[in-house]
Amino acid sequence: MRYLSTRGHPERRRFSDILLEGLAPDGGLYLPETYPQVDAATLARWRRVYHEQGYAELAFEILSLYIDDIPADDLRALLRKTYTAEVFGTGEIVPLRHLEDGLWLEALSNGPTLAFKDMAMQLLGHLFEYELARRGETLNILGATSGDTGSAAEYAMRGKRGIRVFMLSPRGRMSPFQQAQMYSLMDANIHNIAIEGVFDDCQDIVKAVSADLDFKRRWHIGTVNSINWARLLAQVVYYFAGWIQATERDDQRVSFAVPSGNFGNVCAGHIARMMGLPIERLVVATNENDVLDEFFRTGVYRVRGSADTYETSSPSMDISKASNFERFVFDLLGRDAAATRALFADALARDGRFDLSAHPAFAQVRDRYGFVSGRSTHANRLATIRDAWERFGVLIDPHTADGVKVAREYRQSGVPMIVLETALPIKFAATIVEAIGREPERPARFAGIEDLPKRVQVMPADAERVKAYIESVCRQS
Ligand SMILES: *Cc1c(COP(=O)(O)O)cnc(C)c1O
């Protein structure tokens, strides 16, 4: 399998070459040259594999179709090390729970940091360590986080050989639980930097450091952001696992509802569907930051400025543009790289928007690709959390609530609707208290984490200071 860029760069690359990279050299995103196709016999076999041998083995079946430059035994060993009951809390790894008539929750947030990002990031940690050892290289991961991504990256990379993490977060702006999760890590290779500023300041610093190519090369600076292909690929697996658990027959269709921000999670669903998984609808749920809902309703994709990006009570979906969206548009336009480039490199840079409403492809968004969308507000979120709690005794987090709210608008009889649970309520306790008047339950392993000693460097929003810090850490060890 080789990978191409959505913007037409002529080079074709292998999995392990793009594993440690972000964007393609032309600014595009990597996608496989083709999507491997699975037929009914393969689906039937994978159903048995999941039930009899477990999630890691199902992941091996799927990932080995996309990865041919890691020996099969090594890949299998990495997957078995990643997807264990010990790390993810259950043998099913992503158990399905019935909520109400026709509606299910697929639990993706029982990993170390209680958000679905662990599903991919845990694998990335093992893949990075493996590939760096194979090359005799080291990597310094520099990232910016407003919460979930940073902690998922740190818990995946802690103690990994050849890897250091430098994670910038806006000082005092994450929930106390999230701050404690990150800052209480004492691993020598994890470096938390609290920036005196907001998330955008953190992101600007990462961009400034990455733009200094000399510094970047000298200190082996890399990222783990949501456009990484390996993260997307890891997420494809749980769409298959969800379908297997919700159906008994191999021709039975299901729909998925996905709380969305950067379009990474639901893009994995799109890939599963393109491979032949019988998915009826992919329901994109947004919060008040409705860039994606606007596109799926109108055909207009309009990036927001920071003044129009709201701080909401489902903060992990507070985005101004959806960084993985280009992958879907590339497929939608019949994989026309020149057309994709004209939209994402030219029109967005010039106008901050593009309009496909009159394009013949836009009619296919729903009919051929199964996409529909909806949006949810703070009031919807509270009402949905309260309703699930009062009627079913099930407590869901604010992001998952956005998913449930929109899922209900698209239910079809005879088609199970699976809502992806993207975080556990304890991460967002203040909103839960607002909805139901009591604190969410806390898994025992997180008892009292707010009181643990913290290891964090506070720094002004100054890229030069961050560079100097990275340099001094790298020189010392
Ligand atoms: C990251 C995140 C999302 C959004 O996922 P995307 O892949 O960016 O669309 C939704 N919910 C939670 C809890 C998250 O952490």
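Residues numbered from 1 in each chain as written. Predicted model: local features only at pLDDT ≥ 70, side-chain atom pairs only at ≥ 80, totals over all residues. Heavy atoms only, no water.

- As annotated in an unreviewed UniProt entry, the protein is Threonine synthase from Tepidimonas taiwanensis.
- For the record of the protein, the UniProt heading Cofactor (unreviewed entry) holds the text "pyridoxal 5'-phosphate". (UniProt positions renumbered as here; feature names shortened; annotations may be inferred.)

**Comments concerning the site of the ligand**
Thinking step 1. The full set close to the ligand counts 15 residues, and Lys-117, Asp-148, Gly-261, Asn-262 and Asn-265 are the nearest of them.
Thinking step 2. Note that an oxygen atom of the ligand is positioned 3.1 Å from one of the backbone N or O atoms of Phe-263.
Thinking step 3. Contact between the ligand and Asn-265: an oxygen atom at 2.9 Å from a main-chain N or O atom of the residue.
Thinking step 4. For the ligand, whose free accessible area comes to 390 Å², the fraction covered by protein is 97%.
Thinking step 5. Taken together, the residues of the shell around the ligand break down into five nonpolar, eight polar and two charged. (Near = heavy atom within 4 Å. Polar contact = N/O pair within 3.5 Å; in protein donor to acceptor, adjacent residues only side chain to side chain. Areas by Shrake-Rupley, 256 points an atom, 1.4 Å probe, with all protein chains shown as cover. Nonpolar A, V, L, I, M, F, W, Y, C, P; charged D, E, K, R; others polar.)

**A few points about the packing of helix α6 (residues 117-135) against helix α11 (residues 229-246)**
Thinking step 1. Interhelical geometry of α6 versus α11 gives an angle of 125 degrees and a closest axis separation of 8 Å. With respect to their mutual orientation, α6 and α11 come out oblique. Here α6 runs over α11; the crossing is right-handed. Where α6 abuts α11, its residues Lys-117, Met-119, Ala-120, Met-121, Leu-123, Leu-124 and Leu-127 lie against Ala-230, Arg-231, Ala-234, Gln-235 and Tyr-238. (Axes fitted to C-alpha atoms, helices over the stretch in contact; angles between N-to-C directions. Helix = DSSP H or I, 4+ residues; strand = E, 2+ residues; numbered from the N terminus. Parallel < 35°, antiparallel > 145°, perpendicular 65-115°, else oblique. Left-handed = near helix turned anticlockwise from the far one by under 90°. Contact = heavy atoms within 4.5 Å.)

**Observations regarding helix α19 (residues 429-436)**
Thinking step 1. What α19 keeps buried is the set Ala-429, Thr-431, Ile-432, Ala-435 and Ile-436. Down the axis of α19, the sector holding all buried residues measures 160 degrees, keeping them to one side.
Thinking step 2. Looking at the buried positions of α19, the neighbouring elements they touch are α17 (378-392) and α18 (398-407). (Buried < 20%, exposed > 50% of the residue type's maximum accessible area, 1.4 Å probe, protein only. Arc of directions from axis to C-beta.)

**Notes on the nonpolar core**
Thinking step 1. Judged by nonpolar contacts, the single largest core of 116 residues is most densely connected at Tyr-83, Tyr-239, Phe-240, Phe-263 and Phe-325.
Thinking step 2. Leaving out residues up to four positions away in the same chain, Phe-240 has contacts with Val-38, Leu-43, Trp-46, Leu-58, Ile-62, Ala-272, Met-275 and Leu-277.
Thinking step 3. Counting 23 residues, the second largest nonpolar core, distinct from the first, contains Leu-105, Ile-385, Ala-407 and Met-417. (Core = buried A, V, L, I, M, F, W, Y, C linked by side-chain atoms within 4.5 Å.)

**Quick notes on the sheet that holds strand β15 (residues 457-460)**
Thinking step 1. On the basis of which strands lie adjacent, the open sheet formed by five strands has the order β8-β5-β6-β7-β15 and parallel pairing. Unpaired on one side and paired on the other, β8 (221-222) and β15 mark the two borders of the sheet.
Thinking step 2. Bridge count for strand β5 (residues 139-144) against β8 is two bridges, and the pairing is parallel. Across the sheet, the residue bridging to Asn-140 is Ile-221, located in β8.
Thinking step 3. Sheet contacts for α6: β5 and β6 (163-170); angle to β6, the most-contacted strand, approximately 140 degrees.
Thinking step 4. The strands touched by helix α7 (residues 148-157) within the sheet are β5, β6 and β7 (190-196), with β6 carrying the most contacts at an inclination of about 160 degrees. (Pairing = 2+ DSSP bridges.)

**Concerning the layout of surface pockets**
Thinking step 1. Approximately 280 Å³ is the volume found for the second largest pocket.
Thinking step 2. Around the second largest pocket, the lining is made up of 15 residues, and of these Leu-395, Pro-425, Pro-440, Glu-441 and Arg-442 lie nearest the centre.
Thinking step 3. Taken together, the residues that form the lining of the second largest pocket break down as eight nonpolar, one polar and six charged. (1 Å grid on protein atoms, 1.4 Å probe; cavity = no way out; pocket = protein on both sides within 12 Å on 5 of 7 lines; lining within 4 Å. Points joined across faces, edges and corners; volume = space filled by probe spheres on them.)

**Looking at the pattern of salt bridges**
Pairs can form between side chains of opposite charge whenever their charged atoms are close.
Thinking step 1. Inspection of every chain in the model, using the stated rule, returns 39 salt bridges.
Thinking step 2. Residue Asp-148 is joined to Lys-427 by a salt bridge in which the shortest nitrogen-to-oxygen separation is 2.9 Å. On the criterion of sequence distance, the pair formed by Asp-148 in helix α7 and Lys-427 in the loop between β14 (417-421) and α19 is long-range, its members being 279 residues apart.
Thinking step 3. What makes Asp-148 buried here is its relative accessible area of 5%.
Thinking step 4. Under the relative-accessibility criterion, Lys-427 is labelled buried at 1%.
Thinking step 5. The salt bridge partner of Asp-212 is Lys-467, with a shortest N-O separation of 2.7 Å. With Asp-212 in the loop between α9 (199-211) and α10 (213-218) and Lys-467 in helix α20 (residues 463-476), the pair connects residues that are 255 residues apart, well separated along the chain.
Thinking step 6. Judged by its relative accessible area of 24%, Asp-212 is partly exposed.
Thinking step 7. Several salt bridges converge on common partners, so that one network encompasses Glu-100, Asp-387, Arg-391, Arg-408 and Arg-411. (Salt bridge = Lys/Arg side-chain N within 4 Å of Asp/Glu carboxyl O.)

**With respect to the UniProt feature "domain: Tryptophan synthase beta chain-like PALP" (unreviewed entry) in the protein**
Thinking step 1. Here, UniProt's "domain: Tryptophan synthase beta chain-like PALP" (unreviewed entry) annotation points to residues 98-335.
Thinking step 2. Helix and strand shares over residues 98-335 are 43% and 20% respectively, and the end C-alpha atoms of the span are 38 Å apart.

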